[in-house]
Amino acid sequence: MGKNQFKKIIFITCIIIFLYIVGIVIVGILCEDMESVCYFSQIYSALFVVCGVVIAMMQYIITSNEQTNTRKRELELREKEMLEIEKDRIQNAINLANYYKDNILDNIFIIDSIYEDTGIKAILENIKLEDMIEFDQHELKKLLSADKQKQIAEIVNSDTFRNAVAKNSIIYGFAEQAKIITTTENDEGQVQKNLTINEMELFREYSNILNMLLNNTEYFAMNFTHKTADESVVYQSLHTTYLAMMRILYFDISQNNQYGEEKLYTNAIELFNIWRTRAQHQRDGGIELQRGTIAKGAELPYNK
């Protein structure tokens, strides 16, 4: 109750008391015997009680209406705030789609190409997506035999892997500082260019690309798992490449996550499991049911 309302009630109460006293005095003057005075006093008191009840009911109705209006205004304000939050979440998702294109896709193409050239991708593709859940060493041992893990480790340390990294550095144009171009002149006077690659610098750049890819993926996923962006907005457009990417990175992530200890890239793993489960539901026959909400994701309400 506001101060102005409280003052109004005090003022009305004082008027009622004043009129009651004046009324009693007038009745006492007009009536000659005490019995009449008592009789009229009781009638007069009853009328004031009724008036007081009426005034109290009116005040209750006014207060209830004000409270209702206040709640309505608060609800409208809350709905407006929620709409703004949802609008921001949708816009953040759109911005993250651009981030994904600029900071993740290019690097995963490099890693994917190297792993395909060396046979690592073929090994990892034997693991079913639905079995990839925890992304730790304990799960890795169940999904990939010790021989397969040893085979991957041997490939990474082989000439085949070094050649694949060198080839893809030329194709995709990374590790330019590792490339040394010299020119020689043959007996016929023709100038020939010779390319020499600094392997240490090349692999330093490759490691930077892999680590950057993992960190960028974690940042991308973090916005969705912490609800600052709406993942349903970008799911249909990005989930296929995201799931394929996480399969490629499964070995790199899992071998660094000890069972029972704090994990790395937890947000990337969580988003993978959300999208993997949803994709599985779609494949299992829920496409028609989910098409309306998944095809484009969340939308802002539009009032015509």
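To be clear, the structure that these remarks concern was listed above.
If you're wondering where the values come from, they're calculated on a predicted model, not measured in any experiment.

**Q** Explain a nonpolar patch on the surface to me, and be specific about the residues and the numbers.
**A** Residues Phe 109, Ile 171 and Tyr 172 make up a contiguous nonpolar surface patch of roughly 310 Å² in combined accessible area. Mapping Ile 171 onto the fold places it in helix H6 (residues 159-172). Ile 171 sits in the exposed class, given a relative accessible area of 54%.

**Q** Break down the side chain of Arg 89 for me, with residues and values.
**A** Mapped onto the fold, Arg 89 is located in helix H2 (residues 34-118). Looking at Arg 89, its side chain comes within polar contact range of the main-chain oxygen of Lys 227, at 2.8 Å. In contact with Arg 89, not counting residues within four places along its chain, are Lys 227, Thr 228, Ala 229 and Asp 230.

**Q** Provide a residue-level description of the packing of aromatic side chains, including the pertinent values.
**A** Overall, the coordinates contain 12 aromatic pairs when judged by the stated rule. Taken together, a centroid distance of 5.1 Å and an interplanar angle of 65 degrees make the contact between Tyr 99 and Tyr 219 edge-to-face. In this pair, Tyr 99 sits in helix H2 while Tyr 219 sits in helix H7 (residues 199-225), placing the two residues 120 residues apart along the sequence. A ring pair is formed by Phe 135 and Tyr 250, whose centres lie 4.8 Å apart and whose planes are at 65 degrees; its orientation type is edge-to-face. Here Tyr 250 lies in helix H9 (residues 250-254) and Phe 135 lies in the loop between helix H3 (120-124) and helix H4 (137-143), a separation of 115 residues in the sequence. Look at Phe 135 and you get buried, because its relative accessible area is 0%. Judged by its relative accessible area of 0%, Tyr 250 is buried. Ring-pair connections join several aromatic residues into one group, and the members of that group are Tyr 100, Phe 220, Phe 224, Tyr 235, Tyr 242 and Trp 275.

**Q** Go over the packing of H7 against helix H8 (residues 231-248) with me, naming the residues and quoting the values.
**A** Between H7 and H8, the shortest axis-to-axis distance is 13 Å and the interhelical angle comes to 150 degrees. Put simply, H7 runs roughly antiparallel to H8. The chirality of how H7 crosses H8 is left-handed. Contacts between H7 and H8 involve Leu 213, Thr 217, Phe 220, Ala 221 and Phe 224 from the first element and Glu 231, Val 234, Leu 238, Tyr 242, Met 245 and Met 246 from the second. The residue inventory of the contact of H7 with H8, partitioned by class, reads 9 nonpolar, 1 polar and 1 charged.

**Q** Please give an account of the packing of H6 against H7 that cites residues and values.
**A** Here H6 crosses H7 at 75 degrees, and the two axes come no closer than 11 Å. Here H6 is positioned roughly perpendicular relative to H7, judged by the angle of their axes. Of H7, the residues touching H6 (which contributes Phe 161, Arg 162, Val 165, Ala 166 and Ser 169) are Glu 199, Leu 202, Phe 203 and Tyr 206. By residue class, the composition of the contact of H6 with H7 is 6 nonpolar, 1 polar and 2 charged.

**Q** An account of H8 is requested, with residue identities and associated values reported.
**A** Taking 1.5 Å per residue as the helical rise, H8 with its 18 residues ought to reach 26 Å, whereas the 22 Å between its terminal C-alpha atoms falls clearly short. Where H8 bends most, at Leu 238, the angle is about 70 degrees. For H8, a buried count of 13 out of 18 residues is recorded, marking the element as mostly surrounded by other parts of the structure.

**Q** Any details on the nonpolar core? Residues and values, ideally.
**A** In terms of nonpolar packing, the biggest core is built from 61 residues, with Ile 111, Tyr 115, Phe 161, Tyr 206, Phe 220, Tyr 242 and Trp 275 touching the most fellow members. Among the secondary structure elements, those contributing two or more residues to this core are H2, H3, helix H5 (146-156), H6, H7, H8, H9 and helix H10 (266-294). When residues no more than four places from it in sequence are discounted, the contact partners of Ile 111 are Tyr 206, Ile 209, Leu 210, Leu 213 and Ile 248.

**Q** So what's going on with unusual backbone geometry? Residues and values would help.
**A** The phi torsion at Ala 175 lies on the positive side, around 60 degrees, for a residue other than glycine. Mapped onto the elements, Ala 175 comes out in the loop between H6 and strand S1 (179-185). Exposure remark for Ala 175: the relative accessible area of 2% places this residue in the buried category. One non-glycine residue, Lys 227, lies in positive phi territory at about 65 degrees.

**Q** I'd love a proper account of the side chain of Thr 118, names of residues and values included.
**A** Within the element layout of this structure, Thr 118 appears in helix H2. At a separation of 2.9 Å, a polar atom in the side chain of Thr 118 contacts the main-chain carbonyl oxygen of Ile 114. Residues contacting Thr 118, with those up to four places away along its chain left out, are Ile 155, Thr 160, Phe 161 and Ala 164.

Cut-off values and rules
- Residues numbered from 1 in each chain as written.
- Predicted model: local features only at pLDDT ≥ 70, side-chain atom pairs only at ≥ 80, totals over all residues.
- Heavy atoms only, no water.
- Patch = residues over 30% accessible without salt bridge, like charges linked within 9 Å, V, L, I, M, F, W, Y side chains within 5 Å.
- Areas by Shrake-Rupley, 256 points an atom, 1.4 Å probe, with all protein chains shown as cover.
- Salt bridge = Lys/Arg side-chain N within 4 Å of Asp/Glu carboxyl O.
- Helix = DSSP H or I, 4+ residues; strand = E, 2+ residues; numbered from the N terminus.
- Buried < 20%, exposed > 50% of the residue type's maximum accessible area, 1.4 Å probe, protein only.
- Polar contact = N/O pair within 3.5 Å; in protein donor to acceptor, adjacent residues only side chain to side chain.
- Contact = heavy atoms within 4.5 Å.
- Phe/Tyr/Trp six-rings, centres within 6.5 Å; stacked < 30°, edge-to-face > 60°.
- Axes fitted to C-alpha atoms, helices over the stretch in contact; angles between N-to-C directions.
- Parallel < 35°, antiparallel > 145°, perpendicular 65-115°, else oblique.
- Left-handed = near helix turned anticlockwise from the far one by under 90°.
- Nonpolar A, V, L, I, M, F, W, Y, C, P; charged D, E, K, R; others polar.
- Expected span 1.5 Å × (residues − 1).
- Bend = angle between axes of the 7 residues up to and from the residue.
- Core = buried A, V, L, I, M, F, W, Y, C linked by side-chain atoms within 4.5 Å.

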